[in-house]
2 protein chains.
Amino acid sequence: MTQTARLMDGAGLAGRIVEECTSRAAALTESTGQAPCLATVLVGEDPASVTYVRMKRSRSAKAGILSRHVELPATTTTKELVGAITALSEDPAVHGILLQHPVGEHIDERAAFEAIAPEKDVDGVTMHSFAAMSFGLPGFQSCTPGGIMRLLDAYDVDLTGKHAVVVGRSAILGKPAGMLLLDRNATVTYCHSRTRDLSSIVKEADVLVAAVGRARFIHGDDIKPGAVVIDAGYNAGNVGDVDFDSAKTRASLITPVPGGVGPMTIAVLLAQTVDAAERQLGVAER
Amino acid sequence: MTQTARLMDGAGLAGRIVEECTSRAAALTESTGQAPCLATVLVGEDPASVTYVRMKRSRSAKAGILSRHVELPATTTTKELVGAITALSEDPAVHGILLQHPVGEHIDERAAFEAIAPEKDVDGVTMHSFAAMSFGLPGFQSCTPGGIMRLLDAYDVDLTGKHAVVVGRSAILGKPAGMLLLDRNATVTYCHSRTRDLSSIVKEADVLVAAVGRARFIHGDDIKPGAVVIDAGYNAGNVGDVDFDSAKTRASLITPVPGGVGPMTIAVLLAQTVDAAERQLGVAER
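Residues numbered from 1 in each chain as written. Chains lettered and ligands numbered in written order. Predicted model: local features only at pLDDT ≥ 70, side-chain atom pairs only at ≥ 80, totals over all residues. Heavy atoms only, no water.

**Some words on the UniProt feature "domain: Tetrahydrofolate dehydrogenase/cyclohydrolase catalytic" (unreviewed entry) in chain A**
Point 1. Residues annotated by UniProt as "domain: Tetrahydrofolate dehydrogenase/cyclohydrolase catalytic" (unreviewed entry) correspond here to residues 8-123 of chain A.
Point 2. The annotated region residues 8-123 of chain A carries 50% helix and 16% strand content, and the separation between its end C-alpha atoms amounts to 23 Å. (UniProt positions renumbered as here; feature names shortened; annotations may be inferred. Helix = DSSP H or I, 4+ residues; strand = E, 2+ residues; numbered from the N terminus.)

Below, the structure written as structure tokens:
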């Protein structure tokens, strides 16, 4: 009776994606004399942000992707930040731009994101990228939703006609995840903090994407037997949004935390940076 | 036992909106010497499209909005159409641009839409406008979803926590309607042609938006008692996507067809054209 779900090995899949990026980056560097270059922009000294950026730069370096790091003081204004990002958008030596966020509350984050040229938006945060994901058009994906889709594909999850429930509606995670699932012919429900009777909706999910940022917010009792459970949460103490121990007795496939969605996010960032460089250097077909 | 839903009078509300547009257009013309101007672009001679454009121009004229009509042959290429629209985007005498669609299949409709400057996208079709609707940012709404939201507001429908089911996922109707409902704190489900067991999902809808374009596709038996039913369909024979006679015995509020959503679409187009003109002529606060 205590079925145990198969684990979705995000760490393993991410490793294979990064390996492929590494070969592609090397080939590009050899054929054009230019390595892919990711600009990372950090405003202020928030310790978590500092750590994330350092990790992204170190992973890039290992894959043969240069990084150009721009550090700005916490007092940076929107205008200054937009100026710095615009300069990177216009710099032909930079192929991708990552603005580490959240930025300070005094900054108009949306204005800063929109200064990223769509062809360099390898983190998938611009309005253009969101609409492209929503309309099934070519473009960069938000990295975590993009990672979720690659995980689902790696485990041959057929989405057509399935009921996918996305809990969370942020601009870079919940909303684009739902749009990507809809584009793959899932029936998609968005739930959030104002949803009434969340439990009964979650119970209908063939595919559940938890993206609320609340530790063990979703309990196994609410998981439909056989569901695919994607936990995009990452809370204090390495705990996801789903109560893993109870959920794994009901799900057919489940992402662990850590080692599930998390590693996919960086892998997609690197893959999209290489994509961007290939296109800008005239090597890619697309 | 045979409850009868209250009708949502789109024609009446649209009339009041157009009246307000007319005064605003007159005031703008008087204060700036320039009337609001809507450019309408028609490719080919599809009879339905010809009729729609004629109607939009005639309504504009009645409201004191000038129209600049651009007619292009059916053989127009994407490049030519993009060129014509770009010229209108750059013309300071034009405040809003409407590309009548669908355009011919040989034309890249998305490329044509994207040639519309966001500040002139009074029909709400660009990627920028879609993302703005999705993120709750200032911008123009797709006219039909915008009309639906105004109707819901006019009848004081509280959306927070309600389950809104949108049947249909087109880029200008279903998708933006769902995003606007989500932004107003509804729990939102997108259904479409690949949805399994549509009937059981529709039965959960506190607010139902039917936008599939199939006559009487949704039957009253599937309407939750007391639901608010928005019928955005307009099929041959003036028939909506909802079977009105059976639905009205269960819904609390329902839009008739015709006279419900339809008139709201043009009203929003005119209102957004006046908004655009006010902003471009430096009269608006926003």
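**Examining the interface of chain B and chain A**
Point 1. Each side of the interface is counted separately: chain B has 30 residues, and chain A has 30 residues.
Point 2. Taken over both partners, the interface formed by chain B and chain A buries close to 2800 Å², and the fraction arising from carbon and sulfur atoms is 65%.
Point 3. Summed over the three residues of chain B that lose the most area to chain A, namely M127(B), F135(B) and L182(B), the buried surface amounts to 22% of that side.
Point 4. Counting every contact that joins chain B to chain A gives zero salt bridges.
Point 5. Taken together, the links from chain B to chain A amount to 15 residue pairs in polar contact (both at pLDDT 80 or more).
Point 6. Counting only elements with at least two residues in the side of chain B that touches chain A, the list comes to α5 (127-135), α7 (174-183) and β6 (187-191) of chain B.
Point 7. When residues of the side of chain B that touches chain A are assigned to their parent elements, the largest contribution, seven residues, is made by α5(B). (Contact = heavy atoms within 4.5 Å. Buried area = accessible area lost by both parts, 1.4 Å probe. Salt bridge = Lys/Arg side-chain N within 4 Å of Asp/Glu carboxyl O. Polar contact = N/O pair within 3.5 Å; in protein donor to acceptor, adjacent residues only side chain to side chain.)

**Notes on the sheet that holds strand β4 (residues 96-99) of chain A**
Residues and elements named next belong to chain A.
Point 1. Pairing is parallel across the open sheet formed by three strands, whose spatial order is β3-β2-β4. Because the sheet does not close on itself, it has two edges, and the strands there are β3 (66-72) and β4. Put simply, the sheet's adjacent strands are angled 20° from each other on average, direction ignored.
Point 2. With seven bridges connecting them, strand β2 (residues 37-43) and β3 associate as parallel partners. Along β3, the bridge assignment pairs V41 with V70.
Point 3. Helix α2 (residues 47-62) contacts β2, β3 and β4 of the sheet and is inclined by roughly 170° relative to β2. (Pairing = 2+ DSSP bridges. Axes fitted to C-alpha atoms, helices over the stretch in contact; angles between N-to-C directions.)

**Describing the domain arrangement of chain A**
Point 1. Taken domain by domain, chain A consists of domain 1 (32-117) and domain 2 (143-262).
Point 2. Domain 1 of chain A and domain 2 of chain A are separated by 29 Å when their C-alpha centres are compared. (Domains from an automatic or database assignment.)

**Side note on the side chain of E278(B)**
Residues and elements named next belong to chain B.
Point 1. Residue position: E278 is located in helix α10 (residues 261-280).
Point 2. Overall, the relative accessible area of 14% leaves E278 in the buried class.
Point 3. Discounting residues that sit within four places of it in the chain, E278 has contacts with R24, L28, V283 and A284. (Buried < 20%, exposed > 50% of the residue type's maximum accessible area, 1.4 Å probe, protein only.)

**Quick look at the relation of the copies chain B and chain A**
Point 1. When chain B is fitted to chain A, the residual RMSD is 0.0 Å, and the transformation amounts to a turn of 180° plus an axial shift of 0.0 Å. Such a turn and shift between the copies fits a two-fold axis. Within chain B, the C-alpha atom positioned nearest to the axis of rotation is that of T189(B), 2.0 Å from it.
Point 2. When the interface residues of chain B are mapped onto chain A, 100% of them are again interface residues, pointing to one common binding face. (Least-squares fit on C-alpha atoms with pLDDT ≥ 70 in both.)

**A closer look at the packing of α2(A) against helix α10 (residues 261-280) of chain A**
Helix-helix packing is described using two parameters, namely the angle between the two axes and the distance between the axes.
All names here are of chain A.
Point 1. Viewed as axis vectors pointing N to C, α2 and α10 meet at an angle of 55°, and their least axial separation amounts to 11 Å. One way to sum up the angle between α2 and α10 is to call them oblique. Note that α2 runs across α10; the crossing there is right-handed. Contacts from M55, K56, R59 and S60 in α2 reach I266, L269 and L270 in α10.
Point 2. Partitioned by chemical class, the residues of the contact of α2 with α10 number four nonpolar, one polar and two charged. (Parallel < 35°, antiparallel > 145°, perpendicular 65-115°, else oblique. Left-handed = near helix turned anticlockwise from the far one by under 90°. Nonpolar A, V, L, I, M, F, W, Y, C, P; charged D, E, K, R; others polar.)

**So, the nonpolar core**
Point 1. The biggest cluster of nonpolar side chains holds 106 residues, and the ones touching the most others in it are L152(A), L181(A), L152(B) and L181(B).
Point 2. Not counting residues within four places of it along the chain, the set of residues in contact with L152(B) comprises M8(B), V157(B), L159(B), L181(B), V207(B), V228(B) and I230(B).
Point 3. Ranked by size, the runner-up nonpolar core spans 19 residues in total, among them V43(B), V70(B), L88(B) and V125(B). (Core = buried A, V, L, I, M, F, W, Y, C linked by side-chain atoms within 4.5 Å.)

**Focus on the UniProt feature "domain: Tetrahydrofolate dehydrogenase/cyclohydrolase NAD(P)-binding" (unreviewed entry) in chain A**
Point 1. Per the UniProt record, "domain: Tetrahydrofolate dehydrogenase/cyclohydrolase NAD(P)-binding" (unreviewed entry) is annotated on residues 142-280 of chain A.
Point 2. Counting secondary structure, residues 142-280 of chain A comes out at 37% helix and 14% strand; the distance between its end C-alpha atoms is 20 Å.

**Brief notes about the pattern of salt bridges**
Pairing is possible between side chains that carry opposite charge, provided their charged atoms lie close to one another.
All names here are of chain A.
Point 1. The full count for this structure, using the stated rule, is 18 salt bridges over all chains.
Point 2. Salt-bridge contacts for D153 lead to R184; the nearest nitrogen and oxygen are separated by 2.6 Å. Of this pair, D153 sits in helix α6 (residues 143-154) while R184 sits in the loop between α7 (174-183) and β6 (187-191), and the two are 31 residues apart along the sequence.
Point 3. Its relative accessible area of 32% is what places R184 among the partly exposed residues.
Point 4. A salt bridge links D222 to K203; the nearest nitrogen and oxygen atoms lie 3.5 Å apart.

**With respect to the pairing of strand β5 (residues 163-167) of chain B**
Residues and elements named next belong to chain B.
Point 1. The element β5 is largely enclosed, with a buried count of five among its five residues.
Point 2. Of the two faces of β5, the one lined by H163, V165 and V167 and the one lined by A164 and V166 are each fully buried.
Point 3. Handedness of the β-α-β unit built from β5, α7 and β6 comes out right-handed.
Point 4. Relative to strand β7 (residues 207-210), β5 is paired through four bridges, and the arrangement is parallel. From the neighbouring strand, V166 faces β7, where its bridge partner is V209. (Right-handed = clockwise from strand over helix to strand, strands pointing away.)

**Thoughts on the packing of aromatic side chains**
Point 1. By the definition in use, this model includes four aromatic pairs over all chains.
Point 2. Here F130(A) and F130(B) contribute two aromatic rings whose centre-to-centre distance is 6.0 Å and whose plane-to-plane angle is 10°, an arrangement assigned as stacked. Highlighted residues: F130(A) in helix α5 (residues 127-135) and F130(B) in helix α5, drawn from two different chains.
Point 3. Among the residues examined, F130(A) registers a relative accessible area of 1% and is labelled buried.
Point 4. Centre to centre, the rings of Y190(A) and Y190(B) are 6.3 Å apart; their planes meet at 75°, and the pair counts as edge-to-face. With Y190(A) in strand β6 and Y190(B) in strand β6, the pair connects residues from two separate chains. (Phe/Tyr/Trp six-rings, centres within 6.5 Å; stacked < 30°, edge-to-face > 60°.)

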